[in-house]
Amino acid sequence: MPPRRAHHLLQLPCPAPGCARWFRNQSGLTQHRRSLHPNIPAPGPPQPSRSPSHPRDFSPPPPEFSPPPRDFSQPPQPSPPMPSEPTHEDSDNADAEFTDSSERCYRTYHSMLNGRPCTADGEFLPHGAPPTPMPQKAPDDWSPYHNRIEFEAAEFAFKKCHMSAKNLDFLCDLMAATLMKHRDVPPFADHKDLHNVIDATQLGDVPWQSFSVQYTGERPEVVPPWMDDEFDVWYRDPRAMAHNILANPTFKDEIDYTPFHEYDASDKTRRWKDFMSGDWAWKQSDIISKDPETHGSALVPIILGSDKTTVSVGTGNNEYYPLYASIGNVRNSVRRAHRDALVIIGFLAIPKTDKKHSKDDVFRIFRRQLFHSSLSAILSSLKSAMTEYEVVRCGDGHFRRIIYSLGPYIADYEEQLVLSCIVKHWCPKCIAVRTNLDNGGMDRCREHTEFLIGELHGDVLWDEFGIIGDLVLIKGAFKDHLVDWVAKYLKAVHGTRRAEEIMSDIDRRVAAAPSFSGLRRFPQGRDFKQWTGDDSKALMKVFLPAIEGHVPGDMVRAFRALLEFCYLARRDVVTEDTLNQMQDALHRFHRYRQIFDLVVPTFSLPRQHSMIHYTDMIRLFGAPNGLCSSITESKHIKAAKEPWRWSSRHNALGQMLVTNQRLDKLAASRVDFDARGMLTGTILSSALAALTPDEDEQAVPPIAPQPDAHAIEPQPDIDIDDGEVVDGPTVLGYVVLAKTPQRKRARTVAALAHEVAVPDLRRLIRHFLFTQLNQDDPRDPADVPTGSLPRHEGKLQVFNSAAATFFAPSDLSGTGGMRREHIRACPLWRNEYPRNDCVFIDTDSDAQGMRGLEVARIVCFFSFKHNWEVYPCALIHWFEKIDDCADEDTGMWMVRPSFHEGGSRNLAVIHIETVFRAAHLIPMYGSEYIPHDLKFYHSIDCFRSFYVNKFADHHAFEIAS
């Protein structure tokens, strides 16, 4: 039996300022320092300075040089004046201008509703006055927990693992048995004790309430069963939830209290990003500020969203109707990062009846009326503070006067119909006739709708205006259309049999798309039963090259135009130029989609028609990537699906409500403890620091002797192919090798040359060292005499992956817009096949997009030490651009592997800093069928020309266009 390893307490803290990591041994600390803090010198021989091998600096900045977070929540200090041309809306209520040199933009703020700090009584404070002191808590007050161990144990057991009651009881017994000889007790007696402690938490406690709704209208002679049913609606006070979001100290640098207009400093054109940069917040402030009593208040727009979700398809009709809320002041990056800025405030009722009565007009009207009446009741607590301010403490410690206003509602098309009381196939935003939506019409407004309802009969409202007039109002285009049209077109042109053959080949092409971080696989192509919105988005990324060669060029261009419109709309910052590009893409889509005339009798489709309203919505509400329905869909997992899975499945809703409340309390406790500096370090480091010297000596067990350090197999690289959200400072990007080298791979230059079948590896390393050590020498290393080249033939370390961290705010990312992906180069991935990813190499920092980037395939990652300097490297196979511009039909650049005149691969050793991020290549399939047995991991080797997939994600769209 091999020797057992002892549990080592973390004893070595990281010396980097602001880093709270602790390590069990010096080796772990060294690897951490090299990967995350390379600019902090380590003890040892002096290291020679090395100029960066690349014009851009992709190294992660040390904490002491990280730029301070920008705070736009306060009116800015006077800055050097810049010329401005305020819009008409700015002229009366514009405040000071603010120059942001890092983004080259400036802002004008609303001067009336400007969120001035005040006292708890609502008296305004002088400019620059400190916030009113908060009630002080003892530094060791973990209430209702006794200590940090109890809190972290509760969070781990309930939130991270959500152990069943039975397993939690068993864990408590195990801990009790372990601690018995020390006459100590475990943190909790059993699962009931743990739940009771969480329930006793006052922070984040917004209790659930309910009301019942029943039909009260006229009853027929034979009463349908639904008329006697009571429908329960569960909700939490949206006003209290808004208070919690406003008071969250983690949002203090990511919240805007004042509406503003942002302009590009170079050409003075508007920019739209977060919600408060839109025209709606400014115009709403103009309306509210007509009352002088509101001056100095902060506008807090309430953003709602709802969407039915099915928690289990296989075990019956388990459908729920969650209602979510957020506030418009929180920036898009926080809302996208799921940092408790979007909260669940209700579960709406879903009335059901038998098939006989399901299509009755009375039942349909009741169902719609139930929705609107429920929203009216839930939101009633906000009404008083929509005309008169209330004083609320905010996350920065200041009190402010708050005025609420109902903002936009996040909803898909079906939900928009219910909200706006519009008939299906009509547009909920304008009065365009449903049979000819492309001709457009004036925008719908409440006054116009109420006038029509008062003047016209219900049948006329339904037929001529698409309005459902029997209600009392409260004061997907890709898969559904284009993909189906392709199949219909192929059948019309080629006949059913031939069309099925082509569609089968398209399916094989979709399945043959190479691996990529965050890319969903379609092993059977696009033909499967359970189709979701996420499936449609994933298919968008690979469908265009799959149909190219099988369909006319105009059809490919129509797909390209639609994809470009969607990707432009999801940009983190939308400018006037972006809006113009969106309009151009929309015009191209309408022009090229005429190819479908053969199979589509009319293009009057509401989902496609809705695209004409996007630019107006962006001007009103800012960039839509913080208000899209995918945010509420993602929230379903934490708010509905996981709590349902954790329930007993019997009367599950009550258990789901309690679970959500406990999760909110744990999250609020973590925010409070972290804000008071009580969660620094790890649970082990904090326990070790709290021990007395005598206790410390007794607590540290002797380290068991190990026969050989290399005999301990390291943990494999974590397989995270969906990418990671990274919180931290905003930088352009950097790439680091994996933390653990591969012990079973080559350890010398000669061995690695044999392993990867590159006999010239020694020469390539010497060329690499020459460029690193002689950066001012313009000569090509191939022209330098061999004897003058530096040599390295000693040891090296090989790695199976590298991590690229980059600024990608339009994708799922941290609050600073940072995202991480893993680039693989390993001989056996998942014990099945070799995997060698492709990457972007930054070769020209002055050029834009693909003109400044090259594409290469990673052969292997390795590092070696030369003159005390560690060089992290990649051996790559260059790809070359086929043309000097993107393909006219697909809009994607084309590349092919590069070879020397003799047929050998064009290889090079490069510094890891020159790698930008992973690149996704899709073969140019042409018009021929691909083999039935082609696997996706063979695609890069089997084809000779490729598209650089700019639709792989939103960041790729930015850099590869």
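It should be noted that the structure appears before, not after, this text.
The text that follows walks through the structure, step by step, so that each part is easy to find. Position numbers for residues start from 1 in each chain and track the written sequence from start to end. Side-chain atom pairs in this predicted model are given and counted only at pLDDT of 80 or more, local residue features only at pLDDT of at least 70, and totals for whole chains, interfaces and linings cover all residues. Remark: hydrogens and water are excluded; side-chain values derive from all non-hydrogen atoms of the structure.

Some details on the overall build of the protein
No. 1: In this description a helix means any DSSP run of H or I spanning at least four residues, a strand means any run of E spanning at least two, and both kinds are numbered starting from the N terminus. The helix and strand inventory of the protein stands at 27 helices and 31 strands.
No. 2: For every residue, the accessible area obtained with a 1.4 Å probe (protein chains only) is divided by the maximum for its type, and the residue is called buried under 20%, exposed over 50%, and partly exposed between those limits. Per-residue burial over the protein gives 49% buried out of 961 residues.

What to know about the nonpolar core
Note that soluble globular proteins tend to have their nonpolar side chains buried in a common cluster.
No. 1: Within this scheme, the nonpolar core is defined by two criteria: the residues are buried Ala, Val, Leu, Ile, Met, Phe, Trp, Tyr or Cys, and they are joined through side-chain atoms within 4.5 Å. Grouped together as the largest cluster of nonpolar side chains are 101 residues, with contacts concentrated most on Phe840 and Phe861.
No. 2: It is helix H16 (residues 553-569) that contributes the most residues to this core, eleven residues altogether.
No. 3: By size, the runner-up hydrophobic cluster in this structure holds 45 residues, among which are Ala341, Phe363, Cys394 and Ile402.

Considerations on the packing of helix H9 (residues 361-378) against helix H10 (residues 413-420)
In helix packing, the relevant descriptors are the interaxial angle and the interaxial distance, both defined with respect to the helix axes.
No. 1: Look at H9 against H10: their axes get within 9 Å of each other, and the N-to-C directions meet at 75°. One way to sum up the angle between H9 and H10 is to call them roughly perpendicular. The segment H9 lies against H10, with Phe371, His372 and Leu375 engaging Glu415, Val418 and Leu419.
No. 2: The residue classification treats Ala, Val, Leu, Ile, Met, Phe, Trp, Tyr, Cys and Pro as nonpolar and Asp, Glu, Lys and Arg as charged. All others, Gly included, are polar. Across the contact of H9 with H10, the residue classes tally to four nonpolar, one polar and one charged. The angle between two axes is taken between their N-to-C directions and runs from 0 to 180 degrees, where each axis is a line fitted to C-alpha atoms and a helix contributes only its stretch in contact. Here roughly perpendicular refers to angles of 65 to 115 degrees, roughly parallel to angles under 35, roughly antiparallel to angles over 145, and oblique to all remaining angles. By definition in these notes, contact holds between two residues if any of their heavy atoms fall within 4.5 Å.

With respect to the pattern of salt bridges
No. 1: The term salt bridge refers to a side-chain nitrogen of Lys or Arg lying within 4 Å of a carboxyl oxygen of Asp or Glu. Under the defined criterion, the tally for this structure stands at 41 salt bridges.
No. 2: We note a salt bridge from Arg662 to Asp199, for which the minimum N-O separation is 2.8 Å.
No. 3: The exposure class of Arg662 is buried, given its relative accessible area of 14%.
No. 4: Here Arg271 makes a salt bridge to Glu262, at a shortest N to O gap of 2.9 Å. You'll find Arg271 and Glu262 in the same group, each marked buried.
No. 5: Put simply, Arg560, Glu564, Asp584, Arg588 and Lys950 are held in one network by salt bridges that share partners.

Here we look at the pairing of strand S28 (residues 907-911)
No. 1: Along S28, five of the five residues are buried, which leaves the element largely enclosed by surrounding structure.
No. 2: Neither face of S28 is open: one carries Leu907, Val909 and His911, the other Ala908 and Ile910, and all of them are buried.
No. 3: One ladder, built from five bridges, connects strand S26 (residues 869-881) with S28; its direction is antiparallel. Each bridged residue has a counterpart across the sheet, and for Ala874 the counterpart in S28 is Ile910. Any two strands between which DSSP finds at least two bridges are classified as paired.

Re the pairing of strand S10 (residues 298-306)
No. 1: With nine of nine residues buried, S10 lies mostly within the body of the structure.
No. 2: Note: S10 against strand S16 (residues 399-410), seven bridges, orientation parallel. Its bridge partner being in S16, Ala298 is matched across the sheet by Ile402.
No. 3: Relative to strand S13 (residues 322-327), S10 runs antiparallel, the two being bridged by five bridges. Across the sheet, residue Leu304 finds its bridge partner in S13, namely Ala325.

Focus: the packing of helix H3 (residues 148-160) against helix H21 (residues 652-675)
No. 1: Contact geometry for H3 and H21: axes closest at 11 Å, N-to-C directions at 145°. For the crossing formed where H3 meets H21, the hand is left-handed. On H21, the residues that touch Phe151, Glu152, Ala154, Glu155, Phe158 and Lys159 of H3 are Thr659, Arg662, Leu663, Leu666, Ala667, Ser669, Arg670 and Phe673.
No. 2: Counted by class, the contact of H3 with H21 contains seven nonpolar, two polar and five charged residues. Should the near helix be turned anticlockwise from the far one by less than a right angle, the crossing is left-handed, and should it be turned clockwise, the crossing is right-handed.

As for H3
No. 1: Along H3, the residues classified as buried are Arg148, Glu150, Phe151, Glu152, Ala154, Glu155, Ala157 and Phe158.
No. 2: On the buried face of H3, the contacting elements are helix H4 (165-179), helix H5 (191-199), H21 and helix H22 (683-690).
No. 3: Sitting at the head of H3, Asn147 places a side-chain oxygen 3.2 Å from the backbone nitrogen of Ile149.
No. 4: Two residues or fewer after H3 comes His162, characterised by a positive phi angle close to 45°. Pairing of N or O atoms within 3.5 Å defines a polar contact, subject to two protein rules: one partner must be a possible hydrogen donor and the other a possible acceptor, and residues neighboring in sequence count only if both atoms are side-chain atoms.

Topic: the packing of aromatic side chains
No. 1: Aromatic rings from Phe, Tyr and Trp, with only the six-membered ring used for Trp, were paired whenever their centres fell within 6.5 Å, and each pair was classed as stacked if the ring planes differed by under 30 degrees, edge-to-face if by over 60, and tilted otherwise. All chains considered together, the criterion is met by 32 aromatic pairs.
No. 2: Summarising the aromatic geometry, the rings of Phe543 and Phe559 are spaced 5.5 Å apart at their centres and angled 50° between planes, so their arrangement reads as tilted. In this pair, Phe543 is assigned in helix H15 (residues 533-547) and Phe559 in helix H16, connecting sequence segments 16 residues apart.
No. 3: Judged by centre distance (4.2 Å) and plane angle (5°), the rings of Tyr833 and Tyr937 are stacked. Separated by 104 residues along the polypeptide, Tyr833 in strand S23 (residues 833-836) and Tyr937 in the loop between strand S30 (921-923) and helix H26 (939-942) bring together distant segments of the chain.
No. 4: The class for Tyr833 is buried, based on a relative accessible area of 5%.
No. 5: One aromatic cluster is present, formed by Tyr215, Trp226, Phe231, Phe363 and Phe366 through successive ring pairs.
No. 6: The residue whose ring lies beneath Arg835 is Trp829, and the NZ or CZ to ring-centre distance is 5.0 Å.
No. 7: The residue whose ring lies beneath Lys881 is Trp893, and the NZ or CZ to ring-centre distance is 5.9 Å. Counting as a charge over the ring demands two things of the Lys NZ or Arg CZ atom: a distance within 6 Å of the ring centre and an angle within 35 degrees of the ring normal.

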